[in-house]
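What the coordinates show
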Amino acid sequence: MSGTSRVEHVTCLGCGCGCDDVSVTVSEGRIIEVTPACPVGRAWFGDGSIPLEIRRSGQPASLDQAVAEAAELLLEARGRMLVYIGPDLTSQAQRHAVALADLLAATVDSATSTTAAGGLLAVQQRGRAGATLGEVRNRADVLLFWGMDPAPRYPRFMARYVDPTGTHVPEGRRGRTLIGVGVGPDPAPKEVDLTLTIDPSEEITALSLMRASVQGYAREQRSPGLTQAIAIANRLAKARYAVLVHDAEPGDEPRNSLRVEALIALTQALNGPTRAALISLRAGGNRVGAETVLTWQTGYPFSVDYSRGHPRYDPAERGVGRLGSDRFQAALLVGTPALDGALSGTLGRMSTVAIGPRASQTPFATRVAIDTGIAGIHEAGTAYRMDEVPLQLRPPLEAQRSANEVLRALVGAVRAGLGRSQS
Amino acid sequence: MSAKAQLRIAGGTVHDPANGVDGEVRDICIEDGRIVQTLPEGAPRLDVRGMVVMPGGVDIHSHLASSSCNHARRLLPEEHAADPAPAPSLDESAGSPRSGTGGTVPTTFTTGYRYAGLGYTTVFDAAVAPAMARHSHAELDDTPCVDGGFFVLMGNDEYLLRQVAAGERERARDYAGWLLGSAGGYAIKIVNPGGIEAWKSGQRNLNGLDDVLAGRGVTPRAILETLADAANGLKLPHPIHIHCNNLGIPGNAAVTLATMQALAGRRAHFTHLQFHAYGGPGWSSGARPLIEYVNSHAELSVDVGQVMFGPATTVTADGPVEYLLHKSSGRKWVNIDIELETGCGIVPLLYKDKAAVTALQWAIGLELFLLSADPWRVVLSTDHPNGGSFLSYPKLIQLLMDRGARDQGLKQVNPKLLAGSTLADGLTREYTLNEIAIVTRAGPARLLGLTHKGHLGPGADGDVTVYARNPDIAAMFATPRYVVKGGALMVEEGQLRRAPAGRRLHVRPGYDQAVVPHLRRHFEAYSTISFENYPVQGITDEPIAL
């Protein structure tokens with residue numbers, strides 16, 4: 001393979017923005033250029049090189065051998081295993097992963113249950129007032145960034161959804177008022193029209209008062225911060241279409257768990273005097289896809305336990321942390337999990353099957369490891385943008401081995417094994 | 001050479017109204033998935049003597065496979081916890097079935113199994129935003145046992161509104177053709193024409209047919225005319241499928257009637273008419289003038305959208321009405337505005353027979369059924385899950401067939417708003433089995449233009465439902481004795497035996513390609529999805545021939 005080629009309209013999954021206007025230049029099977037350049041996207045694409053190994057107890061094996069061994073291991077652990085869906089899979093592959101969990105009476109969870117559960121649970125309590133990202137671009141005349149600056153983690157958010165002209169905002173950025181509220185150490189964006197910093201101890205009070213004000217019954221406040229917060233609420237209520245933005249996966253440090261629900265309540269209330277939507281920024285990969293697939297197959301977006309023969313919701317227990325309990329004998333990791341060192345020790349001690357990008361390079365011992373491509377870089381299919389818009393993936397590199405195909409084969413092997421055990 | 005799969009469904013009393021068969025004892029023969037005239041003597045037989053044989057049910061209007069349904073599923077963990085759905089045990093070699101959860105919006109596999117258990121073999125999702133079409137196809141891929149497709153939401157889409165404003169009706173038609181093909185959809189669905197854009201742009205709603213969308217000079221009337229002509233011009237198998245303006249508002253029958261009149265002889269299907277049949281200014285029935293107009297206009301058809309008492313979830317693109325429901329019910333509420341296209345609103349509800357308005361809604365639905373003169377143009381629906389789950393169809397059939405059950409129901413409900421209601425005055429009509437066969441399969445299949453569905457003549461799909469007679473009509477229709485799909489036994493006495501993948505029903509109309517560069521410019525100016533990435537790829541079933 002020689003020469004340079006260029007693939008247009010590539011969908012980047014570096015963060016949840018889901019930009020599908022990316023051009024990728026490929027030479028000698030390596031990515032050499034990504035435009036428009038965005039640091040998160042460029043890091044995500046890298047040069048596209050990934051390992052392509054298949055290992056059985058550390059030794060090279062054929063795909064057939066590895067799939068057969070994986071099926072056998074998982075069948076032995078039926079009812080006592082965790083299927084963990086990492087974010088770098090297509091939704092087609094995620095469907096197979098949930099099927100495996102069902103067939104194997106497993107618990108299934110995804111990469112988002114630790115980081116985004118608070119928002120999902122709040123939605124289940126209240127519902128929400130939201131919009132797809134194009135509505136931000138086409139309608140938002142007032143935007144409020146709450147305790148977050150999109151620049152570092154969502155570098156093109158402003159360029160894609162705030163700066164351009166929209167159907168109802170012909171002046172683009174100049175036609176919009178941007179308000180930034182910093183919450184303690186969580187900064188507001190730098191280039192806004194109005195800023196306020198709120199002490200974390202006053203955050204939920206501020207959001208509650210803002211809602212009360214929108215609903216017409218806030219009293220005067222003594223705290224200057226709260227007074228300003230109410231003024232901001234009044235500005236939002238006078239918008240034509242207000243958009244509130246927060247980071248639904250703000251990283252490792254826990255934020256006030258009531259923040260999301262308070263933001264949802266405020267946004268819903270704003271739909272009395274005007275129209276408003278809350279945008280929950282989500283990180284990269286197809287993590288929203290995992291929630292979406294889980295929902296249509298189980299009714300729940302994360303943390304689902306099939307051990308009684310049907311899906312049960314267990315939102316209090318999340319992530320791979322639960323593997324410490326002796327309920328689990330095996331783990332099937334599909335896609336790349338987020339792991340800390342202690343968990344690596346646990347995983348190394350149990351029967352672990354890893355299928356996905358760089359599965360052969362896990363920092364713990366696996367019984368079976370099958371490397372596959374990365375959704376969007378090597379694998380075609382569907383991934384969901386942070387706003388749950390399903391996007392077509394147009395991978396710039398060829399898939400040497402697709403997670404979708406490997407998981408399909410594993411489903412077949414597990415089904416065959418179940419058939420044998422029942423007859 | 002492998003033997004052709006054959007099945008003789010022998011000795012049943014057949015109701016095949018499309019072929020003029022009303023309760024005749026005859027055999028139904030199926031070979032290779034299709035109905036045939038006859039089979040050799042030794043062909044496998046299913047003895048159904050004494051039983052009632054009908055084509056498989058066809059649901060013309062349901063919400064089962066869409067991003068909106070998935071938002072609703074996610075909103076309702078309490079319903080799922082209360083209704084676990086373990087995997088059915090299929091016949092050996094029939095594959096591994098899947099578990100799921102139920103409630104008013106069941107998971108995909110469970111939805112397919114439950115429709116099959118009811119004797120339905122074809123189902124359409126009535127409201128899919130084209131940008132979310134890829135998601136609907138994925139859900140349908142995981143909805144076994146039923147053939148199906150979806151209708152594509154238009155009438156609040158930016159590009160269309162611009163063409164209507166500019167009087168570019170031909171370009172609007174070509175766009176509609178492109179959009180249906182890109183989405184892999186089946187028909188044009190119009191929800192609250194112009195009203196969703198009004199909701200999104202701060203005007204809140206449009207209430208009359210000639211209300212003007214602010215700053216655009218576009219009216220619901222112009223949208224309806226444009227899309228009705230587009231559907232005809234594109235030779236679509238199903239005409240425009242209309243959810244009128246003002247859903248759920250007292251007095252809305254006036255705008256519904258005006259909409260029927262506005263279409264002036266064009267074919268159109270008016271969906272969940274019950275929700276649009278309220279007299280005014282207070283709450284009263286407006287059913288009679290509407291159904292009488294439909295009776296005398298052969299180009300119009302309706303489905304009823306019956307309200308059934310019990311839990312329901314309202315799921316609609318009609319954002320403004322869901323806001324009102326949220327405010328009046330105090331229940332949790334989802335609103336999602338979908339860029340350049342439409343909206344989405346969700347509120348769970350409980351329809352109580354002791355609630356006066358709900359009792360009126362229930363009565364209006366029944367009035368529409370009982371006052372209709374032509375069952376071929378009045379389809380049974382609950383607008384699942386809006387008026388109630390599809391699982392309540394058997395009870396609805398009982399209300400139509402059994403006046404005693406209906407009168408019993410009338411005694412239970414809150415009578416406050418029923419004074420002067422035609423139903424309360426004693427409608428005596430009882431639907432026959434043949435009329436039930438029409439409103440649940442033959443009629444909807446014909447209205448959808450599905451020539452291979454809804455009947456049992458040679459060439460039709462081998463989808464057959466067999467009911468054991470039972471004086472308890474609800475029980476009879478809730479548990480068919482057999483359901484045959486594509487010539488293979490799928491359900492036997494409530495037990496799922498097989499769960500075949502369904503076939504995708506979609507269209508790919510021809511259109512003038514000149515619209516494409518114009519559309520591309522529109523995408524480049526306003527869309528956050530690349531034009532090249534927008535169309536759904538890889539639908540394996542061929543489109544329906546137009």
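Counting from 1, residues in each chain are numbered in the order their sequence is written. Labels are handed out in written order, letters beginning with A for the chains and numbers beginning with 1 for the ligands. Predicted model: local features are reported for residues with pLDDT of at least 70 only, side-chain atom pairs are reported and counted for 80 or more only, and whole-chain, interface and lining totals are derived from all residues.

A few words now on the overall build of chain B. The helix count covers DSSP runs of H or I at least four residues long, the strand count covers runs of E at least two residues long, and both are numbered beginning at the N terminus. Scanning chain B from N- to C-terminus turns up 17 helices and 24 strands. C-alpha atoms of chain B, sized along the principal axes, occupy 70 × 60 × 45 Å. Residue burial here comes from a neighbour count, namely the number of other C-beta atoms, placed from the backbone, that lie within 10 Å of the residue's own C-beta, with 20 or more meaning buried, 12 or fewer meaning exposed, and in between meaning partly exposed. Evaluated residue by residue, chain B yields a buried proportion of 63% over its 546 residues. Contact definition: two residues whose C-beta atoms, as placed from backbone geometry, lie within 7 Å. Taking the intrachain contacts of chain B between residues at least 6 apart in sequence as the baseline, contacts between residues at least 24 apart amount to 78%.

A tally of regular secondary structure across chain A gives 13 helices and 20 strands. Radius of gyration means the value over C-alpha atoms here, while the globule rule gives 2.2 Å times the residue count to the 0.38 power. A compact globule built from 423 residues would reach a C-alpha radius of gyration of about 22 Å, and chain A, at 23 Å, matches this within 12%. Its C-alpha atoms give chain A principal-axis dimensions of roughly 70 × 55 × 35 Å. Counted over contacts in chain A with a minimum sequence separation of 6, partners at least 24 positions apart contribute 66%.

Let us look at the sheet that holds strand β16 (residues 330-334) of chain A. Residues and elements named next belong to chain A. By definition, two strands form a pair when at least two bridges between them are found by DSSP. The 9 strands are arranged β5-β4-β18-β17-β16-β6-β7-β14-β15 in an open sheet whose pairing can be described as mixed. Each end of this open sheet is capped by a strand with a single partner; those strands are β5 (59-60) and β15 (312-313). Two strands pair when backbone bridges link them, and strand β14 (residues 304-305) and β15 are joined in this way by 2 bridges, in the antiparallel orientation. From the neighbouring strand, D305 faces β15, where its bridge partner is R312.

Okay, the nonpolar core next. Remark: nonpolar core denotes a set of buried Ala, Val, Leu, Ile, Met, Phe, Trp, Tyr and Cys residues whose joining runs through C-beta atoms within 7 Å. Counting residues in each nonpolar core, the largest one holds 312 residues, and the members touching the most others are V83(A), L100(A), V334(A), I188(B) and L227(B). The biggest single contributor to this core is helix α12 (residues 356-371) of chain B, with 9 residues. What fixes the domain bounds is an automatic or database domain assignment. Each of domain 1 (51-115 + 285-378 + 395-422) and domain 2 (117-281) of chain A gives at least three residues to this core. When neighbours within four sequence positions are excluded, I188(B) is seen to be in contact with F151(B), V152(B), M154(B), A176(B), L227(B), A230(B), A231(B), L236(B), I240(B) and H241(B).

Further remarks concern the interface of chain A and chain B. Between chain A and chain B, the contact holds 58 residues from the first and 49 residues from the second. For the side of chain A that touches chain B, the elements supplying multiple residues, two or more each, are α3 (91-103), α4 (117-126), β8 (127-131), α5 (133-139), β13 (275-281), α11 (287-298), β20 (390-393) and α13 (403-422) of chain A. For this classification, the nonpolar set comprises Ala, Val, Leu, Ile, Met, Phe, Trp, Tyr, Cys and Pro, the charged set comprises Asp, Glu, Lys and Arg, and every other residue, Gly included, is treated as polar. Its residues assigned to classes, the side of chain A that touches chain B shows 18 nonpolar, 25 polar and 15 charged. Of the strand pairs in this sheet, β8(A) and strand β18 (residues 333-338) of chain B are connected by 5 bridges, and their pairing is parallel. Among the inter-strand pairings, R128(A) is bridged to a residue of β18(B), identified as V334(B).

A word on the environment of G194(B). Residue and element names in this part refer to chain B. Relative to the assigned elements, G194 resides in the loop between β11 (187-191) and α7 (195-200). The exposure class assigned to G194 is buried, which follows from the 28 C-beta atoms found within 10 Å. Between the C-alpha atoms of G194 and G11, which are 183 residues apart in sequence, the distance is 53 Å. Discounting residues that sit within four places of it in the chain, G194 has contacts with N156, L206, L213, V218, T219, P220 and I223.

With that settled, consider the sheet that holds strand β12 (residues 241-243) of chain B. All names here are of chain B. The sheet built from 8 strands is open, its strands ordered β6-β9-β10-β11-β12-β13-β16-β20 with parallel pairing. Sheet topology places β6 (57-62) and β20 (378-379) at the edges, where each strand pairs with a single neighbour. In terms of strand pairing, β11 meets β12 through 3 bridges, oriented parallel. Bridged to I190 within β12 is I242.

With that out of the way, let us pick up the packing of α3(A) against α11(A). Residues and elements named next belong to chain A. For helices, the axis comes from a line fit to the C-alpha atoms of the stretch in contact; other axes are also lines fit to C-alpha atoms, and the angle between any two N-to-C directions lies between 0 and 180 degrees. At a minimum axis distance of 9 Å, the contact between α3 and α11 shows a crossing angle of 45°. Classified by the interaxial angle, the pair formed by α3 and α11 is oblique. Like other packed secondary-structure pairs, α3 and α11 cross with a definite hand, here right-handed. Across the interface between the two elements, S91, Q94, R95 and V98 from α3 touch G289, A290, T292, V293, L294 and Q297 from α11. Of the residues that constitute the contact of α3 with α11, the class distribution is 4 nonpolar, 5 polar and 1 charged. Put simply, angles under 35 degrees are roughly parallel, angles over 145 are roughly antiparallel, angles from 65 to 115 are roughly perpendicular, and the rest are oblique. The handedness criterion is simple: a crossing whose near helix is rotated anticlockwise from the far helix by less than a right angle is left-handed, and one whose near helix is rotated clockwise is right-handed.

Quick look at helix α10 (residues 259-270) of chain A now. Residue and element names in this part refer to chain A. One fewer than the residue count of a helix, multiplied by 1.5 Å, yields its expected span. A rise of 1.5 Å per residue sets the reference length of α10, with its 12 residues, at 16 Å; its end C-alpha atoms lie 16 Å apart and thus fit the reference within 8%. Among the 12 residues in α10, 12 count as buried, and that is most of the element. Along α10, the residues classified as buried are R259, V260, E261, A262, L263, I264, A265, L266, T267, Q268, A269 and L270.

Below, the discussion takes up the environment of N232(B). Residue and element names in this part refer to chain B. Here N232 is to be found in helix α8 (residues 220-233). In sequence terms N232 and T432 are 200 residues apart; their C-alpha atoms lie 33 Å from each other. For N232, the residues in contact, after removing those within four places along its chain, are R266 and R267.

The next thing to look at is the packing of α11(A) against helix α1 (residues 67-75) of chain B. Packing of α11(A) against α1(B) leaves a shortest axis separation of 9 Å and a crossing angle of 80°. It follows from the interaxial angle that α11(A) and α1(B) lie roughly perpendicular. Where α11(A) abuts α1(B), its residues T292(A), T295(A) and W296(A) lie against N70(B), R73(B) and R74(B). Among the residues forming the contact of α11(A) with α1(B), the class breakdown is 1 nonpolar, 3 polar and 2 charged.

Looking now at unusual backbone geometry. Looking along the chain, the bond that leaves T35(A) and enters P36(A) is cis, with omega of -5°. The omega torsion of the bond from G280(B) to P281(B) falls at 0°, within 30 degrees of zero and hence cis. Structurally, the position occupied by P281(B) is in the loop between β14 (278-279) and β15 (284-285). Located in the positive-phi region is R358(A), a residue other than glycine, with phi close to 60°.

All names here are of chain A. As judged from the 5 bridges shared by strand β2 (residues 22-27) and strand β3 (residues 30-35), these two strands associate in the antiparallel manner. Counted as the bridge partner of S27 is R30 from β3. The antiparallel pairing of β2 with β3 creates a hairpin that spans 2 residues between the two strands, and E28 there sits at a positive phi of about 55°.

Residue and element names in this part refer to chain A. For G18, the position within the fold is in the loop between β1 (4-10) and β2. Owing to 26 C-beta atoms within 10 Å, G18 belongs among the buried residues under this scheme. Put simply, G18 and Q400 are 382 residues apart on the chain and 24 Å apart in space, counted from C-alpha to C-alpha. Sequence-distant contacts of G18, that is, excluding residues within four places in its chain, are made with T11, R385, M386 and L391.

Residues and elements named next belong to chain A. Of the two faces of β20, both are covered, the one formed by P390 and Q392 as well as the one formed by L391 and L393. Pairing between strand β19 (residues 381-384) and β20: 4 bridges, direction antiparallel. If you follow T382 over to β20, its bridge partner there is Q392. Hairpin connection from β19 to β20: 5 residues lie between these consecutive antiparallel strands, with E388 at a positive phi of about 70°.

Along helix α10 (residues 287-295) of chain B, the positions that sit buried rather than exposed are A287(B), L290(B), I291(B) and V294(B). Seen from one end, α10(B) has its buried residues packed into an arc of 90°, which puts them on one side. This arc describes the spread of directions from the helix axis toward the C-beta atoms.

On to the confidence of the model for chain B. pLDDT is a per-residue confidence score from the predictor, ranging from 0 to 100. Per-residue confidence for chain B gives a mean pLDDT of 97, with 99% of residues at or over 70. In the predicted complex, the global pTM is 0.98; the interface-specific ipTM is 0.98.

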